[in-house]
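# Descriptive analysis of the structure
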Amino acid sequence: MDFFDIVVSILGSTIRLSIPLLFTALAGLFSERAGIFDIGLEGKMLAAAFASACVAYITGNAWLGLLGGIGVSLVFSLIHGFASITNRGNQIVSGVALNFVAAGLTIVLGQAWFGQGGRTPQLTGEGRFAPIILPFVDVVRDVPIIGPLYANVISGNNILTYLAFAAVPLSWWVLFRTRFGLRLRAVGENPGAVDTAGISVTWLRYRAVLVAGFLCGFSGAYLAIAQSAAFIKDMSAGKGYIALAALIFAKWKPVPVMFACLLFGFLDAFANFMQGKAVPGIGEVPVQIFQALPYILTCILLAGFIGIAHPPKAGGVPYTKER
Amino acid sequence: MSTASVPLPNWITYGLIPLLNLIVAFFISGLVVWWIGENPFTALRLLIEGALGRGDAIGFTLFYTTSFIFTGLSVAVAFHAGLFNIGSEGQAYIGGLGAALVALALDQYVPWYVTMPFAIMGAALFGAGWAFIPAWLQAKRGSHIVITTIMFNFIGAALMVYLLVNVLIVPGKMAPETRTFLPGGQLPKLDWLMALFGAKLGPAPFNVSFIIALVMCYLVWLLIWRTKLGYEMRTLGISPSAAVYAGIPYSRTVIIAMLISGGLAGMMALNPVMGASARLQVEFVGGAGFVGIAVSLMGRSHPVGIIFAALLFGILYQGGADLSFEMPNITREMIVVIQGLVILFAGALEYMFRPALVHVYQRFKRA
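Taking an unreviewed UniProt entry as the reference, chain B is identified by name as ABC transporter permease belonging to Rhizobium lemnae. The annotation that UniProt attaches to chain B under Subcellular location (unreviewed entry) is "Cell membrane".

Looking up chain A in an unreviewed UniProt entry gives the name ABC transporter permease, with the organism given as Rhizobium lemnae.

Here you go:
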C-alpha cells in the first residue's frame with residue numbers, strides 16, 4: 001500500500017470515528033451554552049444506541065430505530081432537566097447518575113430480552129443505515145488525488161454522517177442567528193437578566209437539554225445501527241467524555257467543535273493504524289499515547305496554555321428566582 | 001412562599017429525607033426487576049442470602065465494603081472542601097502502582113507488617129500524586145476539577161495499561177500483570193476476626209486493610225471536625241468567598257484537600273492488590289472509585305454514614321454476584337443500575353421531597 005492509499009484510508013476512518021463525537025459534542029454545546037453541565041452525554045449516547053438497535057431489530061426499519069434512540073435519549077434529558085432545573089440538584093451528580101443507569105440498564109435489559117450477554121441481535125438490510133454512493137463516483141475514481149478522496153472519503157458514508165456535518169452550520173445558525181439561540185446563550189451567561197426580561201429560564205433550559213437529548217439520539221443510533229449492526233455492551237466506551245473534551249477544546253463554539261471532533265477522530269484512526277507498526281528511529285510507539293492524547297490536550301488547554309477556554313458563566317449553577 | 005429557607009429538625013434532614021430517597025431508588029430498582037419478569041422480593045431475598053448467608057459470603061461483602069470505605073472517604077473529603085472529585089477511580093488505579101512497587105521491592109526481605117506501613121505510604125503517595133495536577137490546575141488555573149479528574153481517569157488507565165503490558169509484566173507471560181507477591185508483600189486475612197463471631201472466612205479475601213479503612217474513618221472524622229485544616233476546608237466548601245474573606249488561603253486548602261482525597265483513594269488499592277490477588281492487574285479498581293461517589297452521597301460525607309453506605313454497597317456487590325447465578329436473567333450489572341439510582345435520588349434529587357415535607361411538618365407543628 002503506497003503512502004497516498006494510507007492517507008485515504010486513515011481519512012476515511014477519521015470521518016467514521018468523528019461522527020458520534022460530533023453529534024454528542026453539539027449536544028453538549030446546546031446544553032452547556034444554556035448553563036446546564038452535561039456529564040451524562042455518555043449515558044444518553046449509550047441508552048440511545050441500545051434503544052435504536054432494539055427498535056431497528058423489531059421493526060426492521062433503521063429510521064424507526066433512530067426515532068427510538070432519540071425518544072429514549074429525550075427521556076434521559078428530561079430526567080436530567082427535572083433534577084438539575086426543576087429540583088436545582090447538582091448537575092454533575094445527576095449526569096454521573098444517569099451514566100450509571102444507562103450503563104447498567106442497557107446490559108440488564110439486553111440480557112433479559114435477547115439473552116446474548118448484553119448484545120442485541122445482528123441487524124440486516126433495512127435495519128441499518130447503509131452507505132450512500134454519491135453520483136459520479138465511478139467516473140472520477142481514476143482522477144488522481146481527487147478521485148480516491150471523493151470515492152473513499154466523501155462518498156460511501158451513511159446518511160447520518162452527512163446529517164452530522166449539516167448539523168454544524170445549522171447549530172451555528174440556531175445559536176448565533178435566531179432569537180432562541182440568543183436567549184439560550186444569555187441564559188447560560190446571566191439567567192437573572194433573562195428572567196428580568198420576562199422570559200422563562202426554566203422553559204429555555206428545558207428546551208436546551210431536549211435539543212441535547214435529540215442530538216445524542218443521533219450519535220447513539222450512529223454507533224449501533226450505522227457503524228455497527230448491533231448494540232454491543234458498553235459500546236460508547238468513553239466517547240461521551242471525549243466529546244465533552246472536544247467541546248471544551250473548541251471553547252464552546254460550533255465550527256471549532258467540528259474540527260476538534262475531527263482531530264480526536266483522527267487521533268483514534270491514527271492509533272488504530274499505528275498499532276504494532278514501528279516508527280523509524282523511535283521504534284514502536286505505544287498505542288496508549290494516542291488513546292490518552294485527547295485527554296492530555298484538553299487538560300493542557302484547560303490549564304490555559306493554548307489560549308483560554310471560558311466556559312459559560314452560569315454553567316452548573318441552578319437558577320433560584322427568589323432570594 | 002419558597003420552602004427552601006424553612007428549617008427542618010435534624011431527624012428529618014439527616015434521617016427521613018435520605019431514607020425516603022433510598023426507598024425510592026430501591027423501589028424503582030424493584031420495578032426494573034419486575035419488568036424483566038422476575039419477582040423483586042425473591043430477588044431481594046436471594047441477594048441478602050448471597051451477601052450475608054454464609055461465612056465466606058460475609059467475608060466477600062466486607063472485602064467490597066473495605067474498598068468502598070476508602071473511595072467513599074476520598075470523595076467525601078473533597079466534597080467537604082466543595083470539590084467534586086470524580087477521579088477517585090484513577091487515583092486508586094495509580095495508588096495500586098505505589099502499593100505494588102513497595103510490595104515487589106520488600107516482599108523478599110521483610111515480613112508483611114514491615115511492608116505494610118511503606119505500602120500504605122506508597123499507595124497514598126501515588127494516589128495523591130495523581131490528584132495533584134487536577135488540584136493544582138483548579139487552584140491556580142481555575143480549570144474545572146470535574147473535567148480534569150475525568151480526563152485523568154482516562155490518562156491513568158492508559159498509563160497503567162502501558163506499564164503493565166510493557167514494563168511490569170513477567171517476561172515470557174501473556175497476562176498483563178506483575179509477579180505474585182511473596183507473603184511478605186501480602187496483607188493477611190482476618191479469619192481470626194471472623195472466628196470470633198463463629199463464622200468461617202473460607203476463600204474470601206477479607207483482610208487487614210479493613211482495619212486500616214476503619215482507622216482512616218476515625219482520622220477523617222478528626223480532620224474534618226476537630227482540626228483547623230478541616231474547619232478551613234468546610235468553610236471553603238460552604239462559601240469560597242467567605243473563606244477567602246476570612247483569610248483562608250484558597251489554593252493551599254484546595255490542593256491539600258485534593259491530596260488527602262487522592263491519598264485515601266490510593267489506599268483503596270491495598271485491599272485488592274495486596275489483600276486479595278497479591279499482584280497488580282489491569283483494571284483491578286473495577287469501578288470502586290465511582291461507587292465511592294454513591295457511598296459518599298448516601299453517607300452524607302460523614303465517616304459513620306460512609307461505613308453504613310459502604311456496607312450496603314458491599315452487600316449489593318456480593319449479593320448481586322450471587323443473585324446472577326441464581327437468576328441468570330438478572331445480570332451483575334443490575335448493581336450498576338441501583339448505584340445510578342441511588343446517586344440520582346440521594347444526590348441530584350436529594351431535595352425532591354423537601355417542599356412536601358415542609359408543608360406536612362408545618363401543619364403538624366401548628367396543630
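Next comes the rest of the write-up.
Helix and strand counts for chain A stand at 13 helices and 2 strands. Considering only C-alpha atoms, chain A reaches an extent of 70 × 50 × 40 Å along its principal axes. A sequence separation of at least 24 residues applies to 76% of the contacts in chain A between residues at least 6 apart.

Attention now moves to the environment of Ile-296 of chain A. Take Ile-296 of chain A: it is sitting in helix α13 (residues 287–302). The class of Ile-296 of chain A is partly exposed, set by 16 C-beta atoms lying within 10 Å.

Our next topic: the interface of chain B and chain A. Every contact between the two is made by 41 residues of chain B and, on the other side, 37 residues of chain A. Of all the elements in the fold, those that place two or more residues in the side of chain B that touches chain A are α5 (112–141), α6 (145–166), α13 (288–298) and α15 (334–348) of chain B. Examining the composition of the side of chain B that touches chain A, we find that 12 residues originate from one element, α6 of chain B, more than from any other. For the side of chain B that touches chain A, the class distribution of residues is 28 nonpolar, 10 polar and 3 charged.

We now examine the UniProt feature "transmembrane region" (unreviewed entry) in chain A. Residues and elements named next belong to chain A. As annotated by UniProt and renumbered to match this structure, "transmembrane region" (unreviewed entry) occupies residues 6–29, 64–85, 92–114, 159–176, 208–232, 252–271 and 292–310. Span residues 6–29 is 100% helix and 0% strand, its end C-alpha atoms 33 Å apart. Span residues 208–232 is 80% helix and 0% strand, its end C-alpha atoms 29 Å apart.

The next point concerns unusual backbone geometry. All names here are of chain A. A positive phi angle, close to 50 degrees, is found at Arg-88, a residue other than glycine. Positionally, Arg-88 belongs in the loop between α3 (62–86) and α4 (91–114). Judged by the 15 C-beta atoms lying within 10 Å of it, Arg-88 falls in the partly exposed class. Residues other than glycine seldom take positive phi values, yet Lys-251 does so here, at roughly 55 degrees.

With that settled, the discussion passes to helix α7 (residues 159–177) of chain A. Residues and elements named next belong to chain A. End to end, α7 covers 26 Å across 19 residues, agreeing with the expected 27 Å (1.5 Å per residue, within 8%). At Ala-167, α7 shows its largest bend, some 25 degrees, and a proline, Pro-169, comes one to four positions later. Every buried residue of α7 is accounted for by Leu-160, Thr-161, Ala-164, Ala-167, Ser-171 and Leu-175. Buried residues along α7 sit against α1 (3–33), α8 (179–189), α10 (201–227) and α12 (254–274).

Moving on to the domain arrangement of chain B. All names here are of chain B. The domains assigned to chain B are domain 1 (1–38 + 329–367) and domain 2 (59–326). Distance from the C-alpha centre of domain 1 to the C-alpha centre of domain 2: 28 Å. At the junction of the two partners, domain 1 supplies 13 residues and domain 2 supplies 12 residues. Mapped onto the side of domain 1 that touches domain 2, the elements with two or more residues apiece are α1 (10–35) and α15. Among the elements that line the side of domain 1 that touches domain 2, the one with the most residues is α15, at 8 residues. Of the residues assigned to the side of domain 1 that touches domain 2, the class counts are 9 nonpolar, 3 polar and 1 charged.

Cut-off values and rules
Residues numbered from 1 in each chain as written. Chains lettered and ligands numbered in written order. Predicted model: local features only at pLDDT ≥ 70, side-chain atom pairs only at ≥ 80, totals over all residues. UniProt positions renumbered as here; feature names shortened; annotations may be inferred. Helix = DSSP H or I, 4+ residues; strand = E, 2+ residues; numbered from the N terminus. Contact = placed C-beta atoms within 7 Å. Buried ≥ 20, exposed ≤ 12 C-beta atoms within 10 Å, placed from the backbone. Nonpolar A, V, L, I, M, F, W, Y, C, P; charged D, E, K, R; others polar. Expected span 1.5 Å × (residues − 1). Bend = angle between axes of the 7 residues up to and from the residue. Domains from an automatic or database assignment.

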